[in-house]
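# Report on the structure
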Amino acid sequence: MLVSHLMRLPIRRPRTVLLALVPVLLVAGWLASGLGMNSRMDAMLPADTPTMRAQAEFDRAFDAQDQALVVVQGADPARARAYLDAVADAIREAGLAHGVLYRVGLPGAPSPRYLESDRGGTWLMILTPRLDRARFAESAQAFLEALERITARLAADPRFDGVTVGITGGALIQDVEADRRAMGNLVTSAGVTLVLVLAFIVLAFRRLLLPLAMVIPLLSGLVLTLAFAAVVYGALNMFSVGFAALLFGLGIDFAVHLLNRFHEERDRGAPPAAAIETALLRSGAGIAIGAGTTALAFFAFLPARFRAFGQVGGLAGAGILLMCLTMLVVVPALVVVSPSQAARPVRGHAWRWLRALGAFAARRRAPILASTLVAVAALSPFAWRARLDRDLSRVYPDDLASVRWLRVVEREFGWTPHTLTFRARDQAELRRVTKDLSARPDVKEIKSILSFLPAGIAGSPLATSLALAALPRELTDLYIGRDGSFLMELVPAVDLWEPAAYERLRRAIADATGYGPVGMPALMADIGRLIEADVPLICAACLGLSFLFLLAFFRGPRPALTALLPVVLSLVSTLGLMPLVGLPLNVFSIMAFPLIIGIGIDGGIHLVHRLRADPRGLDEPGDPADGVMHTGKAMIVTTVTTVIGFGSLMTIRHPGMQSLGATVSLGLVLCLMFSLLVIPALSSPRKRPSPVAQRRG
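It should be emphasised that the depicted structure is a prediction, and the values quoted were computed from it without experimental measurement.

## Some remarks on the overall build of the protein chain
Broken down by element type, the protein chain carries 26 helices and 11 strands. When burial is assessed residue by residue, the protein chain has 57% of its 697 residues classed as buried. Within the protein chain, contacts between residues at least 6 apart in sequence are counted, and of these 81% link residues at least 24 apart.

As structure tokens, then:
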């Protein structure tokens, strides 16, 4: 009784409900304004992974290894060197960096040597930024902005005409630039998504103002979710930044199912107030159950050891519940306060061809189920052979300025960020490990403080100690730790993103020094292991929790399994189709599979719920074609709107985001297809007993 009374409240007190929403949104908007962005990879790992333990040991001896590189090119060496001197002075004056290394006074050299490429014309400055570890994302952004201002101001000075300058430095700079790209494009993407979603709904329902009014609950739910994110998490990560597209797509789904039932009741002659009340009371349960099941599936992400997945699950689960609540409260109120729009007659609301599709699926049950199983079985070998691509360089935008300048550094200096960094306890271990690892065929080079000494000196302990004492502090601070240990850097001759190759080198380093390696390849190895372990468990938890939830709701295993089957079929088919259509399986796109479960299950729930509510549904004799005609339209509209939402990620110039959007879109389209064919086939009526048999009974 209480639930029924609360559900009718937006219909009986629509203006009060809408006015009460205003202060709630003002407070939520204020909270949401503090939401930030942090795509730092090590923040997504638990502290007990091998790389994070090695990093904690490393940090006790050395400052953080986050580095920025200033790259200078010019035809006039004197002018380029003067520019480097001016930049170094400005950086020191601003206090931007712990260390500034761009020239080295080597033992026996008459003057300091600038870090210039062998071919000449390109110079390098290595910076160790001052960063606030508690506010890493904000301080990294502030550092890069200050460095950009310094380099641009001096490059515009007439004294340095002809000098070209760029900033790079691996993950630190690329993360900040990628964050800018993602956040900037996300606003555009969200706007495009909103326009396209509303345009499609207007076309589907052949109405203008009432579907457009859905912007109000849609944006309200998004603001409430952003406020939740700001309070609980403080900042988004590179995986959760796309959740706005998810909420736009899913949030409008609730309104679509509600409006679809409203128009169906209007077709039957019900007045607007009665039609929206019937829609709310009869379809509201299915909408709430769909939202609850989807949210529960996303909450299954929370125990994931890869923290980025936990944030995605928490945001998506809470966001779906908030969006559902907003839609169930605001949409009926808007319908009641817009009598002129709601009272307009609705013609041609139903898509009659869906009735024919439902009837075909019911009549051709055996061929449809057999062909579905054959198709999925044919794709299964491709799904079984799928392997995660851990190469981070393939998920960063390749047109970032830092990426372009990184290619210059790799070409001119042979420097690469894809190395493994570790420590040697003393000089003797430094020389021994350098000799042993350099002899390995999978090692290209070992870099250390010895690289800056003449070969003859490096072989003598006494000569080495004397030479090290003569090196500039900017250089020794980089390579000699506070505890007297020595930094070493392994440049591989193999692909570090290949798990087996990385593991061989990791084991060799650990055996030689007792320390584990640090660096981006080591981080990605841990992330890859966690993702490969987390995703199957998350998918299993999503399916298991959804089944238990549906089992309790439908009070039987058959309808629960029927609602879940299209999702399972779409998971296998999507993974099998990805290599055939050129979609990579990377750290972003693998996230699509739990999302497909959480989102795709919604349509199956609505269809099974509708067929069971119809006396000719799953448990009684009859034709499910009418249920497919009415609910199928809402399923198609909601799938298209969700695909628009995730498809908009493909407009962001970020390969990782693009692969996520494309994979989710593919999976949802397959899920829709399986739902519209398989569920009616499994729901086809049993044959009625003949009149003769009835008389005999």
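## Digging into the confidence of the model for the protein chain
Scored by pLDDT, the protein chain has a mean of 82; 88% of the residues are at 70 or more. In the model, residues 615-622 has pLDDT below 50 throughout and makes 26 contacts with residues more than four positions away in sequence or in other chains. Contacts from residues 686-697, a stretch scored under 50 in pLDDT, to residues over four places away or in other chains number 7 contacts.

## Some details on the packing of helix α2 (residues 14-32) against helix α11 (residues 307-337)
Where α2 contacts α11, the axes come no closer than 9 Å and their chain directions differ by 130 degrees. Here α2 lies oblique to α11, going by the angle between them. Taken as a pair, α2 and α11 cross one another with a handedness that is left-handed. On α11, the residues that touch Pro14, Arg15, Val17, Leu18 and Leu21 of α2 are Val329, Val330, Ala333, Leu334, Val336 and Val337. Classifying every residue of the contact of α2 with α11 gives 10 nonpolar, no polar and 1 charged.

## A word on the side chain of Glu429
Mapped onto the secondary structure, Glu429 falls in helix α16 (residues 427-438). Residues in contact with Glu429, not counting those within four places in the same chain, are Arg423, Ala424, Ala512 and Thr513.

## Overview of unusual backbone geometry
Positive phi values are uncommon outside glycine, yet Arg555 reaches one of about 60 degrees. Here Arg555 shows up in the loop between α21 (520-554) and α22 (557-581).

## Quick notes on the sheet that holds strand β9 (residues 420-424)
Taken in spatial order, the 3 strands line up as β9-β11-β10 in an open sheet, and their pairing is antiparallel. Every other strand in the sheet has two partners, leaving β9 and β10 (443-447) as the edge strands with one partner each. Direction aside, the axes of adjacent strands within the sheet are offset by 25 degrees on average. Across the sheet, helix α3 (residues 50-61) lies against β9 and β11 (486-492), angled at about 60 degrees from β9, the strand it touches most. Packing of helix α20 (residues 499-513) onto the sheet brings it into contact with β9, β10 and β11, and relative to β9 it is tilted by some 10 degrees.

## Quick look at the pattern of salt bridges
Under the definition given, this model contains 15 salt bridges. The partner of Glu116 in a salt bridge is Arg81, and the shortest N-O contact between them spans 3.5 Å. Of this pair, Glu116 sits in the loop between β5 (113-114) and β6 (122-129) while Arg81 is found in helix α4 (residues 77-94), placing the two residues 35 residues apart along the sequence. The class of Glu116 is partly exposed, set by a relative accessible area of 24%. A relative accessible area of 31% means that Arg81 is categorised as partly exposed.

## Quick look at the environment of Ser665
Position of Ser665 relative to the elements: it lies in helix α25 (residues 655-682). Its relative accessible area of 8% is what places Ser665 among the buried residues. Other than its neighbours up to four places away in sequence, Ser665 contacts Val643, Phe646 and Gly647.

## Here we look at the sheet that holds strand β3 (residues 97-101)
Taking strand neighbours across the sheet as the criterion, the 4 strands line up as β3-β6-β2-β7 in an open arrangement whose pairing is antiparallel. Edge positions in the sheet fall to β3 and β7 (164-168), since each has one partner strand and no second. When the angles between neighbouring strand axes are averaged without regard to direction, this sheet yields 20 degrees. Strand direction decides the pairing type here: strand β2 (residues 68-73) and β7, joined by 5 bridges, are antiparallel. Paired with Gln73 across the two strands is Thr164, which belongs to β7. Its contacts with the sheet put α4 on β2, β3, β6 and β7, and the angle it makes with β6 is roughly 10 degrees. Across the sheet, helix α15 (residues 401-413) is in contact with β2, β6 and β7; its angle to β7 comes to roughly 100 degrees.

## Thoughts on the environment of Gln174
With respect to the element layout, Gln174 can be found in helix α6 (residues 171-205). In the structure, Gln174 is positioned 223 residues away from Pro397 in sequence and 9.0 Å away in space, judged by C-alpha atoms. In this structure, Gln174 is in contact with Tyr396, Leu400, Ser402, Val403 and Leu406, ignoring residues within four places of it in sequence.

## Remarks on α16
Taking 1.5 Å per residue as the helical rise, α16 with its 12 residues ought to reach 16 Å, and the 16 Å between its terminal C-alpha atoms agrees with that figure. All of the buried residues along α16 are Gln427, Glu429, Leu430, Val433, Thr434 and Leu437. The arc that holds the buried residues of α16, viewed along the axis, is 155 degrees, so those residues lie on one side. Capping the start of α16, Asp426 holds a side-chain oxygen 3.3 Å from the backbone nitrogen of Ala428, two or three residues further along.

## Thoughts on the side chain of Ser448
Looking at the element boundaries, Ser448 is found in the loop between β10 and α17 (455-458). Sequence-distant contacts of Ser448, that is, excluding residues within four places in its chain, are made with Leu430, Tyr479, Leu487 and Met488.

## Describing the packing of aromatic side chains
In total, this model carries 7 aromatic pairs according to the counting rule given. Taken together, a centroid distance of 5.4 Å and an interplanar angle of 80 degrees make the contact between Tyr83 and Phe160 edge-to-face. Taken as a pair, Tyr83 in helix α4 and Phe160 in the loop between α5 (136-155) and β7 lie far apart in primary sequence, 77 residues in all. Positioned above the aromatic ring of Phe382, the side-chain terminus of Arg385 is 5.2 Å from the ring centre. It is Arg423 that lies over the ring of Tyr515; its NZ or CZ is 4.1 Å from the centre.

## What about the nonpolar core?
Core analysis: the largest hydrophobic core is formed by 121 residues, its most contacted members being Met41, Phe239, Ile252, Phe306, Ile531 and Leu550. With 46 residues, the next largest nonpolar core counts Leu430, Leu453, Met488 and Leu496 among its residues.

## Description of the pairing of β11
Working note: regular strand, side chains alternate between the two faces of the sheet. Most of β11 sits inside the fold, with 7 of its 7 residues counted as buried. The alternating pattern of β11 places Phe486, Met488, Leu490 and Pro492 on one face and Leu487, Glu489 and Val491 on the opposite face, and all of these are buried. Across 5 bridges, β9 lies against β11 in antiparallel orientation. Among the inter-strand pairings, Arg423 is bridged to a residue of β11, identified as Leu487. Taken together, the 4 bridges between β10 and β11 define a ladder with antiparallel strand orientation. Across the sheet, Ile446 pairs through a bridge with Leu490, a residue of β11.

## As for the environment of Ala178
Its place among the elements puts Ala178 in helix α6. For Ala178, a relative accessible area of 4% corresponds to the buried category. For the pair Ala178 and Tyr396, spaced 218 residues apart in the sequence, the C-alpha separation amounts to 7.2 Å. Sequence-distant contacts of Ala178, defined by excluding residues within four places in its chain, comprise Tyr396, Leu400 and His654.

Criteria and cut-off values
Residues numbered from 1 in each chain as written. Predicted model: local features only at pLDDT ≥ 70, side-chain atom pairs only at ≥ 80, totals over all residues. Heavy atoms only, no water. Helix = DSSP H or I, 4+ residues; strand = E, 2+ residues; numbered from the N terminus. Buried < 20%, exposed > 50% of the residue type's maximum accessible area, 1.4 Å probe, protein only. Contact = heavy atoms within 4.5 Å. pLDDT = per-residue confidence, 0-100. Axes fitted to C-alpha atoms, helices over the stretch in contact; angles between N-to-C directions. Parallel < 35°, antiparallel > 145°, perpendicular 65-115°, else oblique. Left-handed = near helix turned anticlockwise from the far one by under 90°. Nonpolar A, V, L, I, M, F, W, Y, C, P; charged D, E, K, R; others polar. Pairing = 2+ DSSP bridges. Salt bridge = Lys/Arg side-chain N within 4 Å of Asp/Glu carboxyl O. Expected span 1.5 Å × (residues − 1). Arc of directions from axis to C-beta. Polar contact = N/O pair within 3.5 Å; in protein donor to acceptor, adjacent residues only side chain to side chain. Phe/Tyr/Trp six-rings, centres within 6.5 Å; stacked < 30°, edge-to-face > 60°. Lys NZ or Arg CZ within 6 Å of the ring centre and 35° of its normal. Core = buried A, V, L, I, M, F, W, Y, C linked by side-chain atoms within 4.5 Å.

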